[in-house]
Amino acid sequence: MNYEIKKQILDKIKEYDKIIISRHIRPDGDCTGSTKGLQAIIKATYPHKQVYLVNSDYSDYMAFLGGEDEQFDDDFYSDALVIVLDTASTDRISNKKFHLGKEIIKIDHHINIAPYGDISWVENLRSSCCEMIVDFYNTFKDELVITKEGATCLYTGMVTDTGRFRFRSVDGETMRLAGLLLDQGIDTDTLYAHLNLEDYNYIVYKAYALKQIKRTENGVAYIHVDKEMQEKFGLSKEDASATVSFLENIRGSLIWVVFIDNPDGSIRVRLRSRFVYCHDIGENWRGGGHECACGATLYSTDEINMLLNEADTKLKNYKETHEGWL
Ligand code: AMP
């Protein structure tokens, strides 16, 4: 699929000696894994090329995959190809100098509501951006080289963005491409230890947070991880973000939301659902994302209540029009 665009991207990679790869802010497994995986493929195939990962924020959770490069002066970008991965819109690109690149390529699997780039390869039905990079490698495998380290990065993103290969977006092609990575000899025991282990103090927080879960009339489950809660348990941004996973298996709560107080007074929303499509709620509140996983930004308790009302109405309608919901 999309052979022509992929060929154009390969030709651009061949053309440029300097390539700067970037991703979205608040890095997760997919954007970290895809940028590092693509970098590894380009470096292994074309050892003479300069390939950098440049961003402005960092993730402790993904630190086990290794670091990134320091930011460069503006001039450095004038002869560089910039490739941005896993980022739907320019405001979410972590490298604020991305636009200085001579040419820009977007590769992404989010709904394409804000196109950018000289070349854009977007497949919103793909389970992860890492899957797209593996597909890219697979399409040109006669001339591209993959390493075990690169495969580990790409596999990490596939595993995390699919909820361990559970989400609906996973299809046969996802598994075939994942299999291609496993064939490189990935140490999955160590990988899953990095992804799954939790500190004891975090388990204590989890026990507390589970008691704070509230539900709207029709079953939307939510928690507000406010400043006090963050201070009480010394939560990092990532700790607070992970709270959304505590809500995912409540029967009848097909929509669930976590509200996280940001230091600047705004409130980060992480909204998830099963069976019910909710990305329009994210879009209504300065955000967006996927059909069943989106984000938004709010500025007051009133806005929290309004968003919850919207979600509650959506869930009510869904339950009234569908039988056998879980
Ligand atoms: P998160 O809850 O941050 O993991 O976001 C879930 C999905 O929605 C991810 O694919 C994000 O890239 C996307 N997303 C989150 N926040 C926003 C936002 N403010 N605008 C657009 N997309 C977002």
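Remember, predicted model here, so these are calculated numbers, not experimental data. (Residues numbered from 1 in each chain as written. Predicted model: local features only at pLDDT ≥ 70, side-chain atom pairs only at ≥ 80, totals over all residues. Heavy atoms only, no water.)

**What about the packing of aromatic side chains?**
Rules: The rule is short: rings of Phe, Tyr and Trp, with Trp giving its six-membered ring, pair when the centres are within 6.5 Å, and they are stacked under 30 degrees, edge-to-face over 60, tilted in between. Note on criteria: charge over ring means Lys NZ or Arg CZ within 6 Å of the ring centre, with the direction from the centre no more than 35 degrees off the ring normal.
All told, the structure shown has 14 aromatic pairs when counted by the stated rule. A network of ring pairs unites the aromatic residues Tyr202, Tyr205, Tyr208, Phe233 and Phe246 as a single cluster. When the ring centre of phenylalanine 76 is taken as reference, the NZ or CZ atom of lysine 18 above it lies at 3.7 Å. Over the ring of tryptophan 325 we find lysine 319, and its NZ or CZ is 4.3 Å from the ring centre.

**So, the domain arrangement of the chain**
Quick reminder of the rule: Either an automatic procedure or a domain database provided the assignment from which the domain bounds are taken. A quick way to say it: buried area is the sum, across both parts, of accessible area lost when two parts are put together, with a 1.4 Å probe. The term salt bridge refers to a pairing of a side-chain nitrogen on Lys or Arg with a carboxyl oxygen on Asp or Glu at a separation within 4 Å.
Annotation of the chain at the domain level lists domain 1 (3-195) and domain 2 (200-321). For domain 1 and domain 2, the distance between their C-alpha centroids amounts to 28 Å. Of the roughly 910 Å² buried where domain 1 meets domain 2, counting both sides, 44% is carbon and sulfur surface. Counting the surface domain 1 buries against domain 2, the share from its top three residues, Arg26, Ile111 and Arg168, is 54%. Across the contact surface, domain 1 and domain 2 share one salt bridge. Across the pair glutamate 248 and arginine 166 runs a salt bridge whose closest N-O atoms are separated by 3.7 Å.

**Focus on the site of the ligand**
Here is the rule: A single heavy atom is enough: if one lies within 4 Å of a molecule or strand, its residue is considered near that molecule or strand. In the analysis that follows, any N or O atom pair within 3.5 Å is treated as a polar contact, provided that within protein one partner can donate a hydrogen and the other can accept it, and provided that, for residues neighboring in sequence, both atoms belong to side chains. The protein chains shown are the only cover counted for residues, whose accessible areas, like all others here, come from Shrake-Rupley with a 1.4 Å probe. The helix and strand labels rest on DSSP assignments: H or I over at least four residues marks a helix, E over at least two residues marks a strand, and numbering proceeds from the N terminus. Think of it as three bins: nonpolar holds Ala, Val, Leu, Ile, Met, Phe, Trp, Tyr, Cys and Pro, charged holds Asp, Glu, Lys and Arg, and polar takes everything else, Gly as well.
Close to the ligand lie 13 residues, the nearest being Arg92, His110, Arg268, Arg270 and Arg272. Side-chain polar atom of arginine 92 to an oxygen atom of the ligand: 3.1 Å apart, as the coordinates give it. In the model, a nitrogen atom of the ligand is placed 3.2 Å from a nitrogen or oxygen of the glycine 288 main chain. Bound to the protein, the ligand loses 84% of the 480 Å² it would expose on its own. Contributions of two or more residues to the shell around the ligand are made by β9 (267-273), β10 (288-289) and β11 (293-298). Of the residues that constitute the shell around the ligand, the class distribution is two nonpolar, six polar and five charged.

**Here's the deal with the environment of phenylalanine 98**
For clarity, the threshold we go by: For this analysis, residues touch if any pair of their heavy atoms sits within 4.5 Å.
Position of phenylalanine 98 relative to the elements: it lies in the loop between β3 (81-85) and β4 (103-108). For the pair formed by phenylalanine 98 and serine 22, sequence separation is 76 residues and the distance between their alpha carbons is 7.6 Å. Excluding anything up to four places from it in sequence, phenylalanine 98 contacts Val82, Thr90, Ile93 and Ile104.

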